[in-house]
Structures are given as C-alpha cells and as structure tokens.
Amino acid sequence: MEKKKVQNKKKEEVLFGPYKYLGVAVLLIAVVLVVLTLARMFGSTQNIDYSKSYLVDREIVSEISCSDIANATTGSESFIFVTSLNNEEEYSLEKDLRNIIGEYRLNDKFFLYVLNDTCGSLNDTSSELATNLKIPEAITHVPTILYYKDGEFVDYVSRADENMMEAADFVKLLDMYEITK
C-alpha cells in the first residue's frame, strides 16, 4: 500500500512538479498572444475618417486656406502639401510624411492645403489658386508638395509615372535642394 502511495506521489511530482511553472508560463504567453492578435484585428478595422488630415489632427502641421497661402509661402523656406484627402492612400502618405517632417524639423515650415473648388484648380495657371501659389505650370497630379525659398516657388514633387507620390519622392526633393536633417 505504501509503495502505491509513493508511486502515485512520484507520478504527481512528474506531472505537476517542475513542469507546472512551465505550463503556466506557456499558458500566459498564449493568452497574451491571443489578446494582442484580437486587439490588432479589431484596432485596424476601426473607421478612419479619410476626409480629415492625419497631419493636422495630430497637430504636426497647420492647415491653410486659400487666403493664407501668401503668408505660408513667405520665409526662407516653406512647403505646402496640396491634397484632396478622401482616400486611404493619401492618409497613409500623410502618416509616412510625419516621420520625414520630424526628422528634417520642418513642422513650422510645412503647411497643408486641401483642394476645394472655391479657390480654383492647379490645372489652370490663371486660377486664383495657381496665382496665389505662384506656380508657372499646371500641376495635374495631387497630392504633391510645393517647395518655396525666400517666398518664390522653386519646385514641386512630381513623378515620371502616373502613380501617386510617395514619401520617398519628398525625400528626393529635399536631397536635390540639399535640405538636411
């Protein structure tokens, strides 16, 4: 009888002895992974309002209106991000631009302008918008970033293909004009 008790006790020690802590640790890790996976799945499906600017909502840059353009283009250097908002691609672009704006310390020199019909079009160089922005040629693709130095239009982000601009295109413009971090 005593042998059976000793054998049962040894079996219990083998089953629950040093392995019980390992089992608890594995269980805790599994629970944490499940919770993180669920949080990521449900967190990414939240409704994002693409009609609002990521950069403006996070107070990274200032939004300007048509009447503010003249003030935004003055100074030693300034950048105007012209966008139409309303889609996920542009929202993602703004998230990528956030890092570049921070790295190059452009927060006070970077402005966001949302295209609207009341101010005109970038396609028409005689429009109020094109005149205020001082652009010498029609710009057909938005979003784009306009670069000004000493109050004068210098260049803008453009692509050779028909794709939307990427944050790397803005870095290319910064590198081309030797704007450093």
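See the structure shown above.
What you are looking at is a predicted structure, and each value in this text was computed from that prediction instead of being measured.

Student: What is the right way to read the pairing of strand β2 (residues 77–83) from this model?
Tutor: The buried fraction of β2 is high, at 7 of 7 residues. Burial along β2 is two-sided: Glu77, Phe79, Phe81 and Thr83 and Ser78, Ile80 and Val82, pointing in opposite directions, are all buried. Alignment of β2 against strand β3 (residues 110–114), held across 5 bridges, turns out to be parallel. The residue bridging Ile80 from the neighbouring strand is Phe111, located in β3. In this view, the connection linking β2 to its parallel neighbour β3 by way of helix α5 (residues 88–103) has right-handed handedness.

Student: Quick question: what am I supposed to make of unusual backbone geometry here?
Tutor: If a residue is not glycine, its phi is most likely negative; likewise, a peptide bond is most likely trans. Note that the residue after Val142, namely Pro143, is joined by a cis bond; omega there is 5 degrees. Within the chain, Leu85 stands out as a residue other than glycine whose phi angle is a positive 55 degrees. Mapped onto the elements, Leu85 comes out in the loop between β2 and α5. In this structure, Asn86 takes a positive phi of about 70 degrees despite not being glycine. Tracing the backbone through its elements, the reader meets Asn86 in the loop between β2 and α5. Owing to a relative accessible area of 56%, Asn86 belongs among the exposed residues under this scheme.

Student: Would you mind showing me how to read the nonpolar core here?
Tutor: A general trend in soluble globular proteins is that nonpolar side chains are found buried together. If you look at the biggest cluster of nonpolar residues, it comprises 26 residues, and the most contacted ones within it are Phe79, Leu97, Phe110, Ile145 and Phe170. Of all the secondary structure elements, the ones that give two or more residues to this core are α3 (54–57), β2, α5, β3, β4 (144–149) and α7 (167–176). Take this core: its biggest share by element is 5 residues, from α5. Setting aside its immediate chain neighbours within four residues, Ile145 contacts Phe79, Ile80, Phe81, Leu97, Phe110, Asp155, Tyr156, Val157, Met165 and Phe170.

Student: What is the right way to read α7 from this model?
Tutor: Residues three or four positions apart in an α-helix share a direction because the helix packs 3.6 residues into each turn. Residues of α7 that are buried include every one of Ala167, Asp169, Phe170, Leu173 and Leu174, and no others. Viewed along the axis of α7, the buried residues span an arc of 160 degrees, placing them on a single side of the element. Next to the buried residues of α7 lie β2, α5, β3, β4 and β5 (152–156). Just past α7, the residue Glu178 takes up positive phi, approximately 55 degrees.

Student: Got a minute to help me understand α5 in this structure?
Tutor: Taking 1.5 Å per residue, 16 residues should reach 22 Å; α5 reaches 24 Å between its end C-alpha atoms and fits that length. By the burial criterion, the buried members of α5 are Glu90, Tyr91, Leu93, Glu94, Leu97, Ile100 and Ile101. On the buried face of α5, the contacting elements are α3, β2, β3, β4 and α7. Two or three places before Glu89, at the start of α5, stands the capping residue Asn87, its side-chain oxygen 3.1 Å from that residue's backbone nitrogen. A positive phi of about 50 degrees marks Arg105, the residue just after α5.

Student: Which parts of the structure should I look at to understand the side chain of Asp155?
Tutor: As for its position among the elements, Asp155 is in strand β5. Each residue touching Asp155, except ones within four places of it in the same chain, is listed here: Ile145, Leu146, Tyr147, Leu173, Met176 and Tyr177.

Student: Whenever I open this one, the packing of aromatic side chains confuses me. Can you help?
Tutor: Each aromatic ring pair is summarised here by two numbers: the centre-to-centre distance and the angle between the ring planes. Scanning the entire structure with this criterion turns up 10 aromatic pairs. Seen in terms of ring centroids, Tyr54 and Tyr91 are 5.5 Å apart; in terms of plane orientation they differ by 80 degrees. Their pairing is edge-to-face. With Tyr54 in helix α3 and Tyr91 in helix α5, this pair connects stretches of sequence that are 37 residues apart. Like Tyr91, Tyr54 is buried. Aromatic side chains Phe110 and Phe170 sit 5.7 Å apart centroid to centroid with 70 degrees between the ring planes, which places their arrangement in the edge-to-face category. You can see Phe110 sitting in strand β3 and its partner Phe170 sitting in helix α7, a full 60 residues away along the chain. Per residue, the accessibility class of Phe110 equals that of Phe170, and both read buried. Each member of the aromatic cluster is reached from another via a ring pair, and the members are Phe79, Phe81, Phe110, Tyr147, Phe170 and Tyr177.

Calculation notes
- Residues numbered from 1 in each chain as written.
- Predicted model: local features only at pLDDT ≥ 70, side-chain atom pairs only at ≥ 80, totals over all residues.
- Heavy atoms only, no water.
- Buried < 20%, exposed > 50% of the residue type's maximum accessible area, 1.4 Å probe, protein only.
- Helix = DSSP H or I, 4+ residues; strand = E, 2+ residues; numbered from the N terminus.
- Pairing = 2+ DSSP bridges.
- Right-handed = clockwise from strand over helix to strand, strands pointing away.
- Core = buried A, V, L, I, M, F, W, Y, C linked by side-chain atoms within 4.5 Å.
- Contact = heavy atoms within 4.5 Å.
- Arc of directions from axis to C-beta.
- Expected span 1.5 Å × (residues − 1).
- Polar contact = N/O pair within 3.5 Å; in protein donor to acceptor, adjacent residues only side chain to side chain.
- Phe/Tyr/Trp six-rings, centres within 6.5 Å; stacked < 30°, edge-to-face > 60°.

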